[in-house]
Amino acid sequence: MDYCLLHKKLLHNLFESNTAFDLHIPFHGFQHELVRELKLKSVEILLELPRAVLSVAVNERPIWSQDWWPACQLKSCVSDTAINLEKQTIDFLKSQKNFGVYHQIEVNKISDRIHKKIKSLDVKRIKYQENHPFNFKFYAWTMISDYLIFCEKTNQRFPLGWHEFNEDKTTPPNRAYLKLWELFSVYNFAPTNKPEALEIGASPGGWSWVLSHFCSVVHTIDRAPLDQKLNSIQNIRHKIGDAFKLNSKDYDQCSWFYSDIICTPEKMYETVCFWLENSAIQNFVCTIKFKGDCDFEILKKFQQIPDSKIIHLYQNKNEVTWIKTVGIKM
Ligand SMILES: C[S@@+](CC[C@H](N)C(=O)[O-])C[C@H]1O[C@@H](n2cnc3c(N)ncnc32)[C@H](O)[C@@H]1O
């Protein structure tokens, strides 16, 4: 059967059965990981579309879901004419008290026209600031064939979980700083009270540059030097060496541990366990990098560490971010 017809049929069945469902927007290029994750958790997938996955209700945002629309409503806009269909949908969307955010799943002339006629909140680049105050209320919608999918309140604070920033293209030595900008600005996960931090695998220094604004001292280790741009930053203390052969006693003033080091997920887990057992550090931000598919088995081990959570940042590539702090709320 033609794909469009199949989608229409599946949506019709969903509509008729009145099943509660959620919509997930996968991270760009990682739809297959989202599908694998849902299947591994035995979450029934109801419909897989090019830029969205419909599943039965879940109780938390999957790691590979850029945005999660819980408790979606499905409205059949089947009508005698296309004009009526459009009018019904516009009336419904206009009756909402908030602005709407549109997620385009397929080329759909009707939804394109509707989008132009209603008040919408567009995705906008984020101006970096710690704990960004954005808290605008909005609904989200999309259309597949002549079915409207509507979500009154999406999971992510920013529309569609689209976390692009107004970038600083001159000061930091690379774009890795955007991962910490996202964590500090969108997820409010910046260290407070100017702690000392240890950062392994720090070169060329994008993260170190961000951390230098929040920490009294940033102890950085890498086999390579930091970029010369960072030479004038007084509170970064760089050491050249093997980050896996450190003596924890040399860093007993540190309360935060940062790692964006290139290593296997197993090595990262071993390293985290080492610092948990041999230091008083309680706060961690570590990138877990994959060579191929996401290794959900090793992620389970990280997830079992108390007060920790795994997220895929918008700025992450084929990697996820493991974070831990006492009393974590996210
Ligand atoms: C992705 S880069 C880090 C980028 C950094 N977060 C930034 O913002 O600029 C990974 C770094 O890990 C370092 N690395 C890999 N294995 C290491 C080891 N055993 N000891 C020290 N550094 C290592 C590499 O030299 C590389 O600079």
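Residues numbered from 1 in each chain as written. Predicted model: local features only at pLDDT ≥ 70, side-chain atom pairs only at ≥ 80, totals over all residues.

Colleague: How should the sheet that holds strand E7 (residues 138–144) be read in this particular structure?
Modeller: Either a parallel or an antiparallel arrangement is found when strands of a sheet pair, and the pairing is made through backbone hydrogen bonds. The four strands are arranged E5-E8-E7-E6 in an open sheet whose pairing can be described as mixed. Edge positions in the sheet fall to strand E5 (73–76) and strand E6 (99–102), since each has one partner strand and no second. The sheet shows a mean angle of 30° between the axes of neighbouring strands, direction not considered. Sheet topology note: the E7/strand E8 (residues 147–151) ladder contains five bridges and is antiparallel. Bridging from a neighbouring strand, Ala-140 pairs with Cys-151 of E8. (Pairing = 2+ DSSP bridges. Helix = DSSP H or I, 4+ residues; strand = E, 2+ residues; numbered from the N terminus. Axes fitted to C-alpha atoms, helices over the stretch in contact; angles between N-to-C directions.)

Colleague: Looking at this structure, I do not really get the site of the ligand. What am I missing?
Modeller: Taken together, 20 residues lie around the ligand, and Ala-176, Gly-201, Gly-206, Ala-243 and Asp-260 are the ones closest in. Going through the elements one at a time, helix H6 (206–211) and strand E10 (217–222) are the ones with two or more residues in the shell around the ligand. Broken down by class, the residue content of the shell around the ligand amounts to eleven nonpolar, five polar and four charged. (Near = placed C-beta within 6 Å. Nonpolar A, V, L, I, M, F, W, Y, C, P; charged D, E, K, R; others polar.)

Colleague: Explanation requested: the nonpolar core in the structure shown.
Modeller: In this structure, Ala-197 and Phe-257 are the most contacted members of the largest nonpolar core, which totals 66 residues. For this core, the element with the most residues is helix H5 (residues 177–185), which contributes five residues. The residues that make up this core include at least three from each of domain 1 (3–161) and domain 2 (177–324). Beyond its immediate stretch of four places on either side in the chain, Phe-257 contacts Leu-198, Trp-275, Ile-281, Asn-283 and Phe-284. (Core = buried A, V, L, I, M, F, W, Y, C linked by C-beta atoms within 7 Å. Buried ≥ 20, exposed ≤ 12 C-beta atoms within 10 Å, placed from the backbone. Domains from an automatic or database assignment. Contact = placed C-beta atoms within 7 Å.)

Colleague: How should I be thinking about the domain arrangement of the protein chain in this particular structure?
Modeller: Many analyses report the size of an interface as the accessible area lost when the parts associate. The assigned domain composition of the protein chain is domain 1 (3–161) and domain 2 (177–324). Inter-centroid distance (C-alpha atoms) of domain 1 to domain 2 is 34 Å. Contacts between the two partners involve 16 residues from domain 1 and, on the opposite side, 13 residues from domain 2. The element contributing the most residues to the side of domain 1 that touches domain 2 is helix H2 (residues 31–40), with three residues.

Colleague: How should the packing of helix H7 (residues 265–278) against helix H8 (residues 296–303) be read in this particular structure?
Modeller: Two numbers describe a pair of packed helices, the interaxial angle and the distance between the axes. Viewed as axis vectors pointing N to C, H7 and H8 meet at an angle of 15°, and their least axial separation amounts to 10 Å. When the axis of H7 is compared with that of H8, the two are roughly parallel. The element H7 and its partner H8 pack so that their crossing is left-handed. The residues of H8 that touch H7, namely those facing Pro-265, Glu-266 and Tyr-269, are Ile-298, Lys-301 and Phe-302. Grouping the constituent residues of the contact of H7 with H8 by class yields four nonpolar, no polar and two charged. (Parallel < 35°, antiparallel > 145°, perpendicular 65-115°, else oblique. Left-handed = near helix turned anticlockwise from the far one by under 90°.)

Colleague: Any chance you could explain H7 here in plain terms?
Modeller: Residues that lie three or four places apart on an α-helix share one face, since the helix turns once every 3.6 residues. Between the first and last C-alpha of H7 there are 20 Å, a value that for 14 residues agrees with the 20 Å anticipated at 1.5 Å per step. Along H7, the residues classified as buried are Pro-265, Met-268, Val-272 and Trp-275. In an axial view of H7, the angular spread of the buried residues amounts to 90°, which keeps them on one side of the axis. Exposed positions of H7 whose direction lies more than 90 degrees from the buried face are Glu-266, Glu-270, Cys-273 and Glu-277. Each element contacted by the buried residues of H7 is listed here: strand E12 (254–259), strand E13 (283–289) and H8. (Expected span 1.5 Å × (residues − 1). Arc of directions from axis to C-beta.)

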